[in-house]
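Residues per chain, in single letters:
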Amino acid sequence: MSIYTNTPGTQGILPDEYGALVEKPVQELSLAMQVGTIVQTGSTRYRVPLLASDVTVGAVEEGAEITPSDVKFDEIVVTPAKFAGLTVISREMAEDSSPSAGDQVGRSIARQIANSVDNALLNKLTAPNPSGLAALDGVSKVPAPVTYTNLDPLEEALSLSEAAGGNITAWVMSAATALELAKLKDQANSNRGLLNSDMTAVGRRQILGRPVFVSPYAPADVVYGISRADMLTVVREGTRLDVDKSVYFTSDRVAVKGTMRVGFAFPVAGAHVMIQNAAK
């Protein structure tokens, strides 16, 4: 990681941990970082080995020869995509030695990057965006009704994930869908909702014991069930925060650019479930 400025000795928003001013907030803000397993890599490509066939195991007589069997491997190759955010600040803020100045700048750029990463995870976007859940071949699918009246589609999603060897650890949906499900009651003429509160996070809801994550980038007609162990969020080392005082020289402003490389891998596609409105 490196950082550049045209003024020798300038510090302000240039602490030793400048890369962390972007990377840490992204991990806090990004849905992809929260629902997946974060993997750090120093390489341009990250390879995920897949076991294509298991070792043959069976009961044998004591002292008998054990028949050897071959193990076949495949792999997923992930090339983390470059996400970048740019903001313009005053020279006064750039030269402010207060730690909060750097935090605010880093968080502003991190928010841009986190939004782009989550959009790529939940929607089918063109290159250079990484391929996410919406483009995942082999993802388990469950039809959903036009209007939810119960949690049966989500129960089916749990079953499909478990059948594929997964375990749904998070639900991801739009705010409108989350509200629709939150209004479901445990029985007629009751005020008790079907959803439970997550006691470990204020304001967070749970469905069937799994936390609900609301994202503005979740398609309106889709609920994703994600198995954390089967989703890798690959982050390439080398997150940068670059400062340039020349590009906006005439207005006495400073350009601050953050870059971060992120990709996704789904070793067991069927462990993840897409619940999609049957009418859409």
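See above for the structure.
Keep in mind that this is a model prediction, so the values were computed, not measured.

For helix α5 (residues 152-163), with twelve residues, the first-to-last C-alpha span of 17 Å sits near the 16 Å given by 1.5 Å per residue. Within α5, the full set of buried residues consists of P153, L154, A157, L158 and S161. Across the axial projection of α5, the buried residues extend over an arc of 145°, all falling on one side. Looking at the buried side of α5, the elements it contacts are β5 (140-144), β6 (170-173), β8 (205-207), β9 (210-214) and β13 (273-277). Within two residues after α5, G165 carries a phi angle of roughly 90°, on the positive side.

Moving on, we come to the nonpolar core. Counting residues in each nonpolar core, the largest one holds 41 residues, and the members touching the most others are V172 and F264. Elements that contribute at least two residues to this core include exactly α1 (20-29), α2 (31-35), β4 (81-90), α4 (99-122), β6, β10 (222-226), β11 (232-244) and β12 (253-265). If you tally residues by element for this core, the top one is α4, at eight residues. Non-local contacts of F264, meaning those with residues more than four positions away in its chain, are made with A32, V78, V117, A120, L121, P130, S131, G132, M231, L232 and T233. The next biggest cluster of nonpolar side chains, apart from the first, holds 19 residues, and it includes L154, I168, V273 and I275.

Once that is clear, we can look at helix α6 (residues 175-182). Looking only at α6, the buried set comprises T177, A178 and L181. Projection of α6 onto a plane perpendicular to its axis shows the buried side chains occupying an angular sector of 100°, all on one side. Summarising the geometry of α6, the exposed residues directed more than 90 degrees from the buried face are A175 and A176. Looking at the buried residues of α6, the elements they touch are β6, β8, β9 and β10.

Secondary-structure assignment places P49 in strand β2 (residues 46-53). Judged by its relative accessible area of 60%, P49 is exposed. If near-sequence neighbours (up to four positions away) are discounted, P49 is found in contact with D74 and E75.

The next thing to look at is the pattern of salt bridges. Summed over all chains, the structure comprises four salt bridges. Between E75 and R47 there is a salt bridge, with its nearest N and O atoms 2.7 Å apart. Taken together, the residues E75 in strand β3 (residues 72-78) and R47 in strand β2 connect sequence positions 28 residues apart. Accessibility expressed as a relative area gives 45% for R47, which makes it partly exposed.

Okay, the sheet that holds β12 next. One open sheet accounts for four strands, arranged β1-β11-β12-β4; its pairing is mixed. A strand with exactly one partner marks an edge of an open sheet, and here the two such strands are β1 (37-41) and β4. Averaged over all pairs of adjacent strands, the angle between strand axes in this sheet comes to 30°, irrespective of strand direction. Inspection of the sheet shows β11 paired to β12 by ten bridges, in the antiparallel sense. Paired with V234 across the bridge in β12 is G263. In the packing of α1 onto the sheet, the strands contacted are β1, β11 and β12, and the crossing angle to β11 comes to about 140°.

About the thresholds
Residues numbered from 1 in each chain as written. Predicted model: local features only at pLDDT ≥ 70, side-chain atom pairs only at ≥ 80, totals over all residues. Heavy atoms only, no water. Helix = DSSP H or I, 4+ residues; strand = E, 2+ residues; numbered from the N terminus. Expected span 1.5 Å × (residues − 1). Buried < 20%, exposed > 50% of the residue type's maximum accessible area, 1.4 Å probe, protein only. Arc of directions from axis to C-beta. Contact = heavy atoms within 4.5 Å. Core = buried A, V, L, I, M, F, W, Y, C linked by side-chain atoms within 4.5 Å. Salt bridge = Lys/Arg side-chain N within 4 Å of Asp/Glu carboxyl O. Pairing = 2+ DSSP bridges. Axes fitted to C-alpha atoms, helices over the stretch in contact; angles between N-to-C directions.

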